[in-house]
Amino acid sequence: MRLGPGSPKGSINRGVALSRRNVLQYLAAGMAMGAASVSASEKRKIGLQLYTLRDLLKNDFEGTLRNVARFGYSEVEFAGILGPDVRRTGELLRSLGLSAPSLHLEYGNLRDKTGSSFDLAHSLGSRFVVCPWLDPPERQTIDDWKRICDELNRIGELATRAGLTLAYHNHDFEFADLTGGILPYDVLLSRTDERFVKFELDVYWAARGNLDSARVLRAHPSRFRLLHLKDMATDGSTTELGRGTIDFAAILDAAFESGVQHVFVEQDISAEPLRSIEISIAFLRRQPHFAQGR
């Protein structure tokens with residue numbers, strides 16, 4: 001709880017004397033809140049970024065989502081393929097016990113078709129709208145990145161008014177030096193308004209850009225609310241969780257300490273994507289944060 005200007009330190013209940021009974025009540029309430037927090041942390045939901053299954057979704061949208069639910073995923077994040085009818089997609093998700101808390105939308109649509117983009121998110125019950133990519137001509141100079149930040153602030157403020165939260169998803173180009181050794185990601189973090197712009201950290205692309213994901217999560221606890229989990233094979237390609245080189249234990253500890261709300265398994269390329277997502281969710285279920293299941 002934040003005290004107002006001029007409030008005496010510790011005056012949470014102004015004008016009320018704290019009796020022994022009051023103190024015991026507050027202690028009991030605090031213990032209950034702590035217990036609830038622990039319980040919630042033991043039951044983290046596991047989500048899937050559906051780009052992993054893009055080809056299967058094109059051929060059998062409903063059957064593919066049924067497999068996602070069957071493997072034990074609770075949440076999905078859409079990226080372009082929404083089914084033949086968005087309203088029916090929402091109904092299908094509910095019937096399968098799935099939710100779609102986050103939705104990837106093209107930067108151009110977020111910028112130029114803001115209202116319809118938000119309507120789409122609302123129709124799926126999503127709370128986060130994510131900018132997943134920037135075309136190279138948009139991001140050549142530091143001035144380009146400053147303009148992008150200003151646009152994200154504008155879109156993010158409109159999203160907040162619409163009951164949504166804007167987030168930015170990284171690849172590895174955000175970690176390439178601009179003039180003077182400035183990183184685009186540093187520009188994004190410093191120039192965007194934390195009230196209106198959050199971040200979805202893709203730990204694979206962060207590793208490709210030599211970023212320490214655990215460190216950046218802890219350094220900016222107010223900014224990261226979404227996480228993409230995918231592992232890096234020794235040849236640099238994506239692979240199933242637990243079969244690569246990324247230290248997920250440290251990242252997950254940092255993520256949940258820093259306020260990450262949703263995690264999504266993703267694998268950009270797989271010869272057997274259904275088998276891959278089954279392996280990855282089995283790995284997560286062996287981690288302490290997800291040990292209690294769905």
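This text follows the structure it describes.
Below, the structure is looked at part by part.

Rules used in this analysis
Residues numbered from 1 in each chain as written. Predicted model: local features only at pLDDT ≥ 70, side-chain atom pairs only at ≥ 80, totals over all residues. Heavy atoms only, no water. Helix = DSSP H or I, 4+ residues; strand = E, 2+ residues; numbered from the N terminus. Contact = heavy atoms within 4.5 Å. Areas by Shrake-Rupley, 256 points an atom, 1.4 Å probe, with all protein chains shown as cover. Pairing = 2+ DSSP bridges. Axes fitted to C-alpha atoms, helices over the stretch in contact; angles between N-to-C directions. Buried < 20%, exposed > 50% of the residue type's maximum accessible area, 1.4 Å probe, protein only.

When you go through the chain residue by residue, the secondary structure sums to 12 helices and 10 strands. For the chain, contacts bridging at least 24 residues in sequence account for 74% of all contacts bridging at least 6. With an accessible surface of roughly 14900 Å², the chain has 50% of that area assigned to carbon and sulfur atoms.

Below, the discussion takes up the sheet that holds strand β5 (residues 165-169). Spatially, the 8 strands close up into a barrel ordered β1-β2-β3-β4-β5-β6-β7-β10, and their pairing is parallel. For this sheet the average axis-to-axis angle between neighbouring strands, irrespective of direction, equals 30°. Bridging between strand β1 (residues 47-49) and strand β2 (residues 75-79) involves 3 bridges; their strand directions are parallel. Within the sheet, the bridge partner assigned to Leu48 lies in β2 and is Val76. The strands touched by helix α8 (residues 184-191) are β5, β6 (197-202) and β7 (224-229); relative to β6, the strand with the most contacts, the crossing angle is about 150°. Contacts from helix α11 (residues 248-257) reach β7 and β10 (262-265), with the element oriented near 160° to β7.

Below, the discussion takes up the pairing of β7. Residues in a regular strand point their side chains to alternate faces of the sheet. In terms of burial, β7 is largely enclosed, as 6 of its 6 residues are buried. Inspection of the sheet shows β6 paired to β7 by 4 bridges, in the parallel sense. Bridging across to β7, Asp202 finds its partner in His228. Relative to β10, β7 runs parallel, the two being bridged by 4 bridges. Looking at the pairing, Leu226 lines up with His262 of β10.

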